[in-house]
Amino acid sequence: MTLPEFSSEWKTGLSLAWSGYIAVLSIWIVLQKRAPVSTMSWILSLALLPFAGFVIYYFLGPQRLKKQRLKRLRSRAGELAGADLALLREAAEKAPASLRQMAALGTAACGLPVSSATSVELLSGGARTFDSIFKAIRGARDHVHLEYYIFEPDQIGTLLRDLLVAKAAEGVTVRLLVDALGSKRLGNKFLAPLLAAGGQVAFFHDTRIGRRLRPVTNYRTHRKIVVCDGSIGFTGGVNITDEEDPRTRRDAYHDVHVRIEGSAVRWLQTTFLEDWAYTTGKSPNDGQRGLPQLLPHLAPDAEAGEIPVQIVTSGPDTTLEPIHRMQVAAINASTQRAWLTTPYFVPGEPALMALTSAALRGVDVRLLLPRRSDSLIVSAAARSYYGELIAAGVKVWEYKARMLHSKTLVVDDNCAMAGTANFDNRSFRLNFEVMAVVYGPALAGPLADQFRTDLRSAVAVRANRQQRFLVRLGDATARLFSPLL
């Protein structure tokens, strides 16, 4: 008699505890006011994990972050932008209204205005990228700032560290900011020579438990930024790792980077310094007084160029998703072509609608993705979108030579984007990303040529392609987790 009564009470208690758990978790997630699909995905996914779901959401669930803007530095850079604006005014008057609106959108969403560059160079491949970065660092006389998601203590990483050690020994200020998760292999022994030479190193979002009241494990800096003396800057998809260097590995990632020279570099500088201040809690003058006296070194006078460039940043410190908005706006504004290259393709509804709508109205929409990816679930989710994309007229290719890691978009002949953001929810909402938007043909032409070259190593995805049932089921299942990827 006792056993059935105990069993019944135990089941009732468990049912109440389960209901309470679901209610608390649901209220917590709903109050985040995220997209309905994402909210429901989190609730349904975590409801299947008794109580462990609470821990998962605590560590990996969305949360709001705040970063301080360096108003003095932004003000200084803005004051110096007067010459840019005067030079670009004539070009703006000739530019399509859609591009002027895009520029205004970028400024409103992330606070960084259109600037200019005297030169913009597309760097294809890790070897060419590393050579160009090393050359710029060797020529630096005042400071070298670097921010990376992945910095490996391998062959290329060691060469770069040794170069930074040499520059620090010369009296050049060296600041290295790396992501604590992406660069977790960087240890004290590897960094000791750089620190001993006077270099400064910081780790973005320490992953150790107890470092914050609520961990920020899921929020990484995915940015790749190099700034030399405030006048030469780099950004793009190339990390510091032998996996990106074909001279070391035959299977190195295929990737691109951009070298920028001129006043637009001030905004890459601003982005880095704000990330540095956020991570270290120190202002650019390392906590000392006299910040205005140092600003000319950080944002020096630079010759205004004829190439309009806008640096766009995004991250979980804003709900506006600036890079997402800019890419969707560019695709919606396209009249001739929209060629997108990305290693991870998990589009939200607005991005998917923009791609298919552009194709339906006759725009040449092309999508280049890797056949082999380092994320099986993301690749499966991407394949689940092929059918509706192709049905709308989007041409889809899979790059088969190596792992494709480029993140670029070419729209018509007058707009090109290259940076660190993948075309997925993680890049649009969770990671700290940066992208260079170049208006006019300066980057659009070279990127279009690079796209055509890459197609030679790709295969077109057929509309009537045959897939085994289990593969189709796996792709469709992975798509269910798209809002969480």
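Residues numbered from 1 in each chain as written. Predicted model: local features only at pLDDT ≥ 70, side-chain atom pairs only at ≥ 80, totals over all residues. Heavy atoms only, no water.

Undergrad: Is there a simple way to explain the overall build of the chain in this structure?
TA: Counting its regular elements, the chain contains 18 helices and 18 strands. Scored against the burial criterion, the 485 residues of the chain give a buried share of 55%. By sequence separation, contacts in the chain at least 24 residues apart represent 83% of the contacts at least 6 residues apart. (Helix = DSSP H or I, 4+ residues; strand = E, 2+ residues; numbered from the N terminus. Buried < 20%, exposed > 50% of the residue type's maximum accessible area, 1.4 Å probe, protein only. Contact = heavy atoms within 4.5 Å.)

Undergrad: I'm lost on the side chain of Thr356 in this one. Help?
TA: Among the structural elements, Thr356 can be located in helix 13 (residues 349–360). One polar contact links the side chain of Thr356 to the main-chain carbonyl oxygen of Met353, over a distance of 3.2 Å. Residue contacts for Thr356: discarding those within four places in its chain leaves Glu388, Leu389, Ala392 and Val394. (Polar contact = N/O pair within 3.5 Å; in protein donor to acceptor, adjacent residues only side chain to side chain.)

Undergrad: Looking at this structure, I do not really get the packing of helix 12 (residues 322–333) against helix 13. What am I missing?
TA: Interhelical geometry of helix 12 versus helix 13 gives an angle of 15 degrees and a closest axis separation of 9 Å. Here helix 13 runs roughly parallel to helix 12, going by the angle between their axes. Note that helix 12 runs across helix 13; the crossing there is left-handed. Listed contacts from helix 13 to His324, Val328, Ile331 and Asn332 of helix 12 are Pro350, Ala351, Ala354, Leu355 and Ala358. Taken together, the residues of the contact of helix 12 with helix 13 break down into seven nonpolar, two polar and no charged. (Axes fitted to C-alpha atoms, helices over the stretch in contact; angles between N-to-C directions. Parallel < 35°, antiparallel > 145°, perpendicular 65-115°, else oblique. Left-handed = near helix turned anticlockwise from the far one by under 90°. Nonpolar A, V, L, I, M, F, W, Y, C, P; charged D, E, K, R; others polar.)

Undergrad: Would you explain the pattern of salt bridges in this entry?
TA: Two side chains that carry opposite charge are able to pair once their charged atoms sit near each other. For the coordinates displayed, the defined rule picks out 17 salt bridges. For the salt bridge of Glu398 with Arg371, the shortest nitrogen-to-oxygen distance reads 3.4 Å. Here Arg371 lies in the loop between strand 12 (364–370) and helix 14 (376–383) and Glu398 lies in strand 13 (residues 395–399), a separation of 27 residues in the sequence. Take Glu398: its relative accessible area is 11%, and that puts it in the buried class. (Salt bridge = Lys/Arg side-chain N within 4 Å of Asp/Glu carboxyl O.)

Undergrad: Would you explain the pairing of strand 17 (residues 433–439) in this entry?
TA: For strand 17, the tally of buried residues reaches seven of seven residues, placing the bulk of the element in the interior. Of the two faces of strand 17, the one holding Glu433, Met435, Val437 and Tyr439 and the one holding Val434, Ala436 and Val438 are both buried throughout. Bridge count for strand 9 (residues 307–314) against strand 17 is six bridges, and the pairing is antiparallel. By the bridge assignment for strand 17, Val309 is matched with Val438. When strand 15 (residues 415–419) meets strand 17, the two strands line up antiparallel, connected through five bridges. By the bridge assignment for strand 17, Met417 is matched with Val437. (Pairing = 2+ DSSP bridges.)

Undergrad: What should I look at first to understand the side chain of Glu152 in this one?
TA: Tracing the chain through its elements places Glu152 in the loop between strand 3 (143–148) and helix 8 (155–169). Classification of Glu152 by relative accessible area gives buried; the value is 15%. Within the structure, Glu152 has its side chain in polar contact with the side chain of Arg185 (distance 2.8 Å). The contact partners of Glu152, leaving out residues within four places of it in the chain, are Gly157, Arg185, Leu186, Ile240 and Thr241.

Undergrad: Help me understand the sheet that holds strand 5 (residues 200–204), please; the structure alone is not making it clear to me.
TA: The strands making up a sheet associate through hydrogen bonds between their backbones, and the pairing can be parallel or antiparallel. The seven strands are arranged 2-8-7-6-3-4-5 in an open sheet whose pairing can be described as mixed. Strands with a single pairing partner mark the edges of an open sheet, and in this sheet they are strand 2 (119–124) and strand 5. Within the sheet, the average angular offset between the axes of one strand and its neighbour, ignoring direction, is 10 degrees. Bridge count for strand 4 (residues 173–179) against strand 5 is five bridges, and the pairing is parallel. Bridge pairing in strand 5 links Val178 to Phe203. Sitting on the sheet, helix 10 (residues 265–280) touches strand 3, strand 4, strand 5, strand 6 (225–228), strand 7 (232–236) and strand 8 (256–261), and the angle it makes with strand 5 is about 75 degrees. Packing against the sheet, helix 17 (residues 441–455) makes contact with strand 2 and strand 8, and its axis sits at approximately 10 degrees to strand 2.

Undergrad: Could you clarify how one ought to interpret the packing of aromatic side chains in this entry?
TA: Where two aromatic rings form a pair, the distance of their centres and the angle of their planes describe that pair. Under the definition given, this model contains nine aromatic pairs. Residues Phe345 and Phe423 carry aromatic rings whose centres are separated by 5.7 Å and whose planes lie at 5 degrees to one another, so their mutual orientation is stacked. Of this pair, Phe345 sits in strand 11 (residues 345–346) while Phe423 is found in strand 16 (residues 423–424), placing the two residues 78 residues apart along the sequence. Pair check on accessibility: Phe345 and Phe423 agree, each one buried. These aromatic residues form a ring-pair network of at least three members: Phe345, Tyr385, Phe423 and Phe428. Of note, Arg161 hangs over the ring of Phe190, and the distance from its end group to the ring centre comes to 4.6 Å. The residue whose ring lies beneath Arg337 is Trp339, and the NZ or CZ to ring-centre distance is 4.8 Å. (Phe/Tyr/Trp six-rings, centres within 6.5 Å; stacked < 30°, edge-to-face > 60°. Lys NZ or Arg CZ within 6 Å of the ring centre and 35° of its normal.)

Undergrad: Please clarify how the pairing of strand 3 should be interpreted in this entry.
TA: Side chains on a regular strand alternate between the two faces of the sheet. Taken across its six residues, strand 3 has six buried, putting it largely inside the fold. Here strand 3 shows two buried faces, one formed by His143, His145 and Glu147 and the other by Val144, Leu146 and Tyr148. As paired strands, strand 3 and strand 4 are joined by six bridges and run parallel to one another. Of the residues in strand 4, the one forming a bridge with His143 is Thr173. Inspection of the sheet shows strand 3 paired to strand 6 by four bridges, in the antiparallel sense. Paired with His145 across the two strands is Val227, which belongs to strand 6.

Undergrad: So what exactly am I meant to see when it comes to the sheet that holds strand 15 here?
TA: With respect to topology, nine strands assemble into an open sheet ordered 1-9-17-15-14-10-12-13-18, the strand pairing being mixed. For this open sheet the edge positions go to strand 1 (114–117) and strand 18 (458–460), each flanked by a neighbour on one side alone. Averaged over all neighbouring strand pairs, the angle between strand axes comes to 20 degrees, with direction disregarded. Here helix 17 sits on the sheet in contact with strand 9, strand 10 (337–341), strand 12, strand 13, strand 14 (408–411), strand 15, strand 17 and strand 18, set at roughly 65 degrees to strand 10.

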